[in-house]
Amino acid sequence: MRKGLLIAGLVILVIGVALVGIAFYYIPKTLAPLLNSVNKTMLGPPASLGVGESINISETITKAPALVILLYNDSIGKPLSVIGTPSQSASVSGMYILSFVADTNSTLAIGLVNNYSSPVMVRYGYSEIPANSLAGATPFIFMLFIGGGVFIVGLIVAVIGALMKPRQRQSPSNQAS
């Protein structure tokens, strides 16, 4: 029983490692369009905005549905007013990130408005990420989690099999009584 449990645990462990390895191999390949799109979102040259002035950004969506990301930073370190498309926003180390989903192929108009009482310098960049670039990775992401779970189960079974004490066999003289 001990050897059987140990062998079963090691087999399950190897299956878990194989699933995780396959997932790690295919996830970057399927997410390459997404990563390339995000890497192209570079900030352009600075633009000056006077009090109340705005930058109008026009983005044509060609592969809807798509996630549109707008990154910007400014010289005052405060978020600017955004007009146009409703979005989710976040701030990371002075970089402001606006994101929203475009459901149809169309042209979106976004405006960044200087709502402060002093001029501001703004640098921005934007990117369109097709939703289908995420869909191909979904099975491999599930495989990664399932493989991790199988690995843990295999490890536990193998440890239990290794730590079990062998059964003592009864001697023939004990069986007769």
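Above: the structure in question.
What you are looking at is a predicted structure, and each value in this text was computed from that prediction instead of being measured. (Residues numbered from 1 in each chain as written. Predicted model: local features only at pLDDT ≥ 70, side-chain atom pairs only at ≥ 80, totals over all residues. Heavy atoms only, no water.)

(A) Representation of the overall build of the protein chain. Looking only at helices and strands, one finds five helices and eight strands in the protein chain. The secondary structure elements of the protein chain, listed N-terminal to C-terminal, are α-α-β-β-β-β-β-β-β-β-α-α-α. Looking at the protein chain as a whole, 28% of its 177 residues are labelled buried. Long-range pairs, those at least 24 residues apart, make up 86% of the contacts in the protein chain with a sequence separation of at least 6. When the accessible area of the protein chain is evaluated, it comes to approximately 11,200 Å², of which 65% is carbon and sulfur surface. (Helix = DSSP H or I, 4+ residues; strand = E, 2+ residues; numbered from the N terminus. Buried < 20%, exposed > 50% of the residue type's maximum accessible area, 1.4 Å probe, protein only. Contact = heavy atoms within 4.5 Å. Areas by Shrake-Rupley, 256 points an atom, 1.4 Å probe, with all protein chains shown as cover.)

(B) Examining helix α4 (residues 138–163) more closely. Between its first and last C-alpha atoms α4 spans 38 Å; for 26 residues at 1.5 Å apiece the expected length is 38 Å, and the two agree. Considered for burial, the residues of α4 that qualify are F140, G147, G154, V157, A158 and G161. Buried positions along α4 lie against α1 (2–30). (Expected span 1.5 Å × (residues − 1).)

(C) Summary view of the pairing of strand β6 (residues 95–102). Side chains Y96, L98, F100 and A102 of β6 all project onto a buried face; the interleaved residues M95, I97, S99 and V101 project onto a face where none is buried. Across seven bridges, the pairing between strand β3 (residues 66–74) and β6 is antiparallel. Looking at β6, one finds that L67 is bridged to V101. (Pairing = 2+ DSSP bridges.)

(D) Geometry of the nonpolar core. If you look at the biggest cluster of nonpolar residues, it comprises 18 residues, and the most contacted ones within it are Y72, L80, L112 and V122. Taken together, the elements giving at least two residues each to this core come down to β2 (54–60), β3, β6, β7 (107–113) and β8 (120–130). (Core = buried A, V, L, I, M, F, W, Y, C linked by side-chain atoms within 4.5 Å.)

(E) Up close: the sheet that holds strand β4 (residues 81–83). Taken in spatial order, the three strands line up as β2-β7-β4 in an open sheet, and their pairing is antiparallel. Two strands bound the open sheet, and with one partner strand each, they are β2 and β4. Neighbour-to-neighbour, the strand axes of the sheet open up by a mean angle of 20°, direction not taken into account. Here seven bridges tie β2 to β7, and the two strands are oriented antiparallel to one another. By the bridge assignment for β7, I57 is matched with I110. (Axes fitted to C-alpha atoms, helices over the stretch in contact; angles between N-to-C directions.)

(F) Molecular detail of the side chain of N114. Checked against the element boundaries, N114 lands in the loop between β7 and β8. Within the local environment of N114, its side chain forms a polar contact with the backbone oxygen of L49, the two atoms lying 3.2 Å apart. Ignoring sequence-local partners within four residues, the contact set of N114 consists of L49, G50, V51, G52, E53, L80, P119 and V120. (Polar contact = N/O pair within 3.5 Å; in protein donor to acceptor, adjacent residues only side chain to side chain.)

(G) The arrangement of the pairing of β7 in detail. Counting buried positions over the seven residues of β7 gives five, a clear majority of the element. Inspection of the sheet shows β4 paired to β7 by three bridges, in the antiparallel sense. Paired with I83 across the bridge in β7 is G111.

(H) Summary view of the packing of aromatic side chains. Under the criterion given, the structure shown has three aromatic pairs. When the centroid spacing of 5.0 Å and the interplanar angle of 20° are considered together, the rings of Y26 and F140 count as stacked. With Y26 in helix α1 and F140 in helix α4, the pair connects residues that are 114 residues apart, well separated along the chain. By way of ring pairs, the aromatic residues Y25, Y26 and F140 are connected into one cluster. (Phe/Tyr/Trp six-rings, centres within 6.5 Å; stacked < 30°, edge-to-face > 60°.)

Any functional reading would require information beyond the geometric quantities listed.
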